[in-house]
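Next come the chains, spelled out residue by residue.
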Amino acid sequence: MLRLITSRLATGIPTLLAVSLGVFAIVRCIPGDPARLLAGDFATDQIVEELRGRWHLDDPLPVQYAAYLGGVLHGDLGRSITTSAPVLPELAERFARTLELAVAGIAVSALIGIAAGIASAVRRATVVDYLATALALTGISTPIFWSGLILILLFSVTLEWLPAGGSGTVRHLILPALSLGLFGAGVLARQTRSGLLDVLGQDFVRTARAKGLPERLVIVKHALKNALIPVVTVLGDQFGRLLGGAILTETVFSWPGMGRYLIEALSQRDYPAVQGAILVFAAAVVVVNLLVDLSYGALDPRVRAE
Amino acid sequence: MSTLIRRLMRHGGARFGATVTLVFAIAAVLAPWVAPHDPEAMALGANLRGPSWSHPFGTDSLGRDVLSRTIWGARISLTIGFVSVGLAMLGGVPLGALSAWIGGWTDRLLMRAVDVLVSFPTLLLAIVVITIFGPGLTHAMLAIGVAQVPLYARLTRAAVMRVRVQNFVEAARASGAGEWRIVLRHVLPNCLPPLLVQSTLLFATAILSAAYLGFLGLGAQPPTPEWGTMLAKARDFLRTAPHVSIFPGLTILVTVLGLNLLGDGLRDVLDPQTAG
C-alpha cells in the first residue's frame, strides 16, 4: 500500500504543478498587458506598476512563473479587483460551501444510483429494470440547471415546502443537492447495473448459489463487493464532475460557493479572482482523483500488488 | 449502410433515439419555414402569456413566441454540435493516432496529459477557454470543442492500439505499404465504429455544455434564441410564467435523451465488445 501511495503521489505532484502552469498561462494568453488585466480597468498607473513589480511581469516567463508559484505556495493568490480583498480567504470560505454541496450531491448520487442499479440488475428484463434504466438515462440527459428550476417550481413555488435559494440550514441544502445528485445518479445506476450483471455471470457466483446460499447473501456478500470496485472509480469521477456541475447549481440556488464566485468574477473581469478560483477547482479535482486511486487500492488487493 | 439502419431499427432505444434526432434535425434545417412566428418579433403587450393555440409554448418576457424561439434554438444547437464535435475530432483523432503509432515516451507523456484533462469537468475546461477569448457563441463552440479533444485522443489511441495488431495490418506491411498509408487506409477506417458511437454521445454533451454556458451568460448572447440563454432569462419569471422555463428545458432534455439513446444503440450494434 505504501508503494501505491508513493507512486500515486509521484504522479500527483507533477500534475498539480502542470495545473498551476496552466492557470498561470491563462492570464498571459489574454491579449493585453497582464499587469493591467490583473489590476483592473480602473486601477491607477501606480497600482499597475506595483503589481508589475510584485509579480515580476517585466521579467522572462520562467521568472514570472516562479514568482507566481512562490506566491501560491505562500497562500498569496493576489487581490480581487472588485473588492481589493485578498482572494484566498474568500475562496477558502466559498470552497467549504461548495464542498458541502458536492458531498451532499454525491451522497444523493450514490444512494439513488447504486440502489437503482442493483434493483435493475437483480430484476433484469422486468418492469423494474426498464423503469430504472429509463430513469437513469433521463437523469443523464437532464440539464443540471433545469432540474434545479423544476425542483424550485415544484417544492418551493407550488408546495412551499423548501426554500428556493440561499444557504445556512439543511433545508436550504436539500434541493441543490438533489438537483446536483440526480445527474450522477444516472451514471452510477448504469455502471452498477452493468458491473453487477458482469459479476453475476461469473463462476464464483454460480458456486455460491450451488452451495445453497440465499440469493440475498449471494448478491450482498459475493457479487456486490466485486461489482462496486469500478463503481468507486465512477463515484470519484462523478465527484470531479459534480464540482463542475456545482457552478450551475450554485447559480440557480444562489448558493454562496466557489462556482458562483468564479462566474461573478468572470462577468466583472476580475482576473486575479478567476485565476484563483480555477486553480482551486482544478487542484480539488486532482486531489479527489488521487484519493479515488488510493481507495481503489484499498478496496482491491490486485491493484496494490501491481 | 442499409444493414446498419435495419439493425438499428430493430433496437427499441435506438429507434426512439433516431426518431427524436431526426425530428430535431428537420426542425433545425427547416426552422425558417416551420417556426410559426419570427423568433425575434417582440409584442410587449402580450408578454409572458401562457400556452394558447397561436402560441403553443406561450410567450416570453418580451412577448416573443417561445415555440418559434425553441425551433430556431434547434438550429443553433445543431450547429454547436457539428462545429464542436468536428473541432474535437480534428484535434483529437490525429493526436490519439500519432500517440499510439509512435509509442514510447511520447505516448506515455501525451496520455498522461490526456488523463489529467479528461478528469476535469468539461464545463471547467470550457470556462478556461472562455476566460481567454471572452464570451459568445463562436467562442463557446471553440471552448467545447477544445474541451472534448482529450476524449477523442484517448478513444482513438485505444482503437488504434486494438486495430494495429491485427493480421490485415501485418498483411499491408508485408505487401510493402508505407506507414502513412497503413494508418490512413487500413487502421483509421477500422477505428470508425467506436468513434461514431462516441461522436453521437459527445454531440449530446456539446449541446448540454453550450446550454450551460448560455445559461451562465458565457455562451450565446441575447437575443440569440439559444436554449440555455433563453432559460437564463426565463428563470426570473419562474413564479409567474413557468412555461417559459419548462418548454425550452424539456426540449433540451428530449433532444439529449434522443442522442444518448441513439449513441447507446449504435454501440450495441457496432461495437458490442464495449456495450454495457
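Residues numbered from 1 in each chain as written. Chains lettered and ligands numbered in written order. Predicted model: local features only at pLDDT ≥ 70, side-chain atom pairs only at ≥ 80, totals over all residues.

Draft legend 1. Quick peek at the overall build of chain A. On a plain count of helices and strands, chain A comes out with 13 helices and zero strands. Across its three principal axes, chain A shows a C-alpha extent of roughly 80 × 55 × 30 Å. Sorting the 306 residues of chain A into buried and exposed places 42% on the buried side. Intrachain contacts of chain A at a sequence separation of at least 6 include 71% that bridge at least 24 residues. (Helix = DSSP H or I, 4+ residues; strand = E, 2+ residues; numbered from the N terminus. Buried ≥ 20, exposed ≤ 12 C-beta atoms within 10 Å, placed from the backbone. Contact = placed C-beta atoms within 7 Å.)

Draft legend 2. Spotlight on the overall build of chain B. Scanning chain B from terminus to terminus reveals twelve helices and zero strands. Taken from N to C terminus, the helices and strands of chain B fall in the order α-α-α-α-α-α-α-α-α-α-α-α. In terms of its C-alpha atoms, chain B occupies a principal-axis envelope of roughly 75 × 45 × 30 Å. Evaluated residue by residue, chain B yields a buried proportion of 50% over its 276 residues. Sequence separation of 24 or more characterises 68% of the internal contacts of chain B that already satisfy a separation of 6 or more.

Draft legend 3. The arrangement of the environment of Ala143 of chain B in detail. All names here are of chain B. Relative to the helices and strands, Ala143 resides in helix 7 (residues 137-164). Classification of Ala143 as buried rests on a count of 30 C-beta atoms within 10 Å. Through-space distance from the C-alpha of Ala143 to that of Ser209 is 9.6 Å; in sequence the pair is 66 residues apart. Here Ala143 is in contact with Ala126, Val129 and Ile130, once residues within four sequence places are set aside.

Draft legend 4. Broad picture of the interface of chain B and chain A. On the side of chain A, 35 residues touch chain B, which itself brings 29 residues to the contact. Of all the secondary structure elements, the ones that give two or more residues to the side of chain B that touches chain A are helix 5 (104-119), helix 6 (122-133), helix 10 (192-215) and helix 12 (243-270) of chain B. In terms of residues, the side of chain B that touches chain A owes the most to one element, helix 12 of chain B, which gives eight residues. Its residues assigned to classes, the side of chain B that touches chain A comprises 20 nonpolar, seven polar and two charged. (Nonpolar A, V, L, I, M, F, W, Y, C, P; charged D, E, K, R; others polar.)

Draft legend 5. Quick peek at helix 1 (residues 2-29) of chain A. With 28 residues, helix 1 of chain A should reach 40 Å at 1.5 Å per residue; the first-to-last C-alpha distance of 40 Å fits that figure. Those residues of helix 1 of chain A not exposed but buried are Thr15, Val23 and Val27 of chain A. Structurally, helix 1 of chain A contributes buried residues whose contacts are with helix 2 (34-39) and helix 12 (271-299) of chain A together with helix 5 of chain B. (Expected span 1.5 Å × (residues − 1).)

Draft legend 6. A look at the nonpolar core. Among the nonpolar cores identified, the biggest contains 168 residues, and Leu262 and Ala277 of chain A together with Ala126, Ala140 and Ile207 of chain B are the most heavily contacted of them. Counting residues per element, this core draws most heavily on helix 4 (residues 66-102) of chain B, which supplies 15 residues. For Ala126 of chain B, the residues in contact, after removing those within four places along its chain, are Ala143, Ile144, Ala147, Ser209 and Leu213 of chain B. (Core = buried A, V, L, I, M, F, W, Y, C linked by C-beta atoms within 7 Å.)

Draft legend 7. Region of interest: helix 10 (residues 215-252) of chain A. For helix 10 of chain A, built from 38 residues, the straight-helix expectation of 56 Å at 1.5 Å per residue is missed by more than 12%, its first-to-last C-alpha distance being only 44 Å. Just downstream of helix 10 of chain A, Ser254 of chain A is the residue with a positive phi angle, here 50 degrees.

Draft legend 8. Geometry of the packing of helix 6 of chain B against helix 7 of chain B. Residues and elements named next belong to chain B. Direction vectors running N to C along helix 6 and helix 7 enclose 135 degrees, while the axes themselves pass 8 Å from each other. It follows that helix 6 is oblique to helix 7 by the angle criterion. In this structure, helix 6 meets helix 7 at a crossing whose hand is right-handed. Mapping the contact onto sequence places Thr122, Leu125, Ala126, Val129, Ile130 and Phe133 in helix 6 and His139, Ala140, Leu142, Ala143, Ile144, Val146, Ala147 and Gln148 in helix 7. Here the residues of the contact of helix 6 with helix 7 sort into eleven nonpolar, three polar and no charged. (Axes fitted to C-alpha atoms, helices over the stretch in contact; angles between N-to-C directions. Parallel < 35°, antiparallel > 145°, perpendicular 65-115°, else oblique. Left-handed = near helix turned anticlockwise from the far one by under 90°.)

Draft legend 9. Expanded view of the packing of helix 6 (residues 127-141) of chain A against helix 8 (residues 170-200) of chain A. Residues and elements named next belong to chain A. Between helix 6 and helix 8, whose axes approach to 7 Å, the crossing angle comes to 135 degrees. Accordingly, the angle class assigned to the pair helix 6 and helix 8 is oblique. In the packing of helix 6 onto helix 8, the handedness of the crossing is left-handed. Contacts from Ala132, Ala136, Leu137, Gly139 and Ile140 of helix 6 reach helix 8 at Leu182, Phe183, Ala185, Gly186, Val187, Ala189 and Arg190.

Draft legend 10. Here's a closer look at the environment of Thr79 of chain B. Residue and element names in this part refer to chain B. Relative to the assigned elements, Thr79 resides in helix 4. The exposure class of Thr79 is partly exposed, given the 15 C-beta atoms found within 10 Å. As for Thr79 and Pro222, which are separated by 143 residues in sequence, their C-alpha atoms are 17 Å apart.

Draft legend 11. Spotlight on the confidence of the model for chain A. Mean pLDDT over chain A: 86, with 98% of residues reaching 70 or higher. Ranking the elements of chain A by mean pLDDT puts helix 13 (residues 301-305) of chain A last, at 65, and helix 7 (residues 144-158) of chain A first, at 93. (pLDDT = per-residue confidence, 0-100.)

Draft legend 12. Expanded view of unusual backbone geometry. Put simply, Pro222 of chain B and Pro223 of chain B share a cis peptide bond, and its omega is 5 degrees. Along the chain, Pro223 of chain B turns up in the loop between helix 10 and helix 11 (227-234). Despite not being glycine, Glu160 of chain A shows a phi value in the positive range, around 55 degrees. Secondary-structure assignment places Glu160 of chain A in the loop between helix 7 and helix 8. Located in the positive-phi region is Ser254 of chain A, a residue other than glycine, with phi close to 50 degrees. By secondary structure assignment, the location of Ser254 of chain A is in the loop between helix 10 and helix 11 (258-267). According to the C-beta neighbour criterion, Ser254 of chain A is partly exposed, with 14 such atoms within 10 Å.

Draft legend 13. Representation of the confidence of the model for chain B within the structure. Of all residues in chain B, 98% have pLDDT values of 70 or greater, and the mean over the chain is 89. Mean pLDDT values for the elements of chain B range from 83 in helix 1 (residues 2-10) of chain B up to 93 in helix 4 of chain B.

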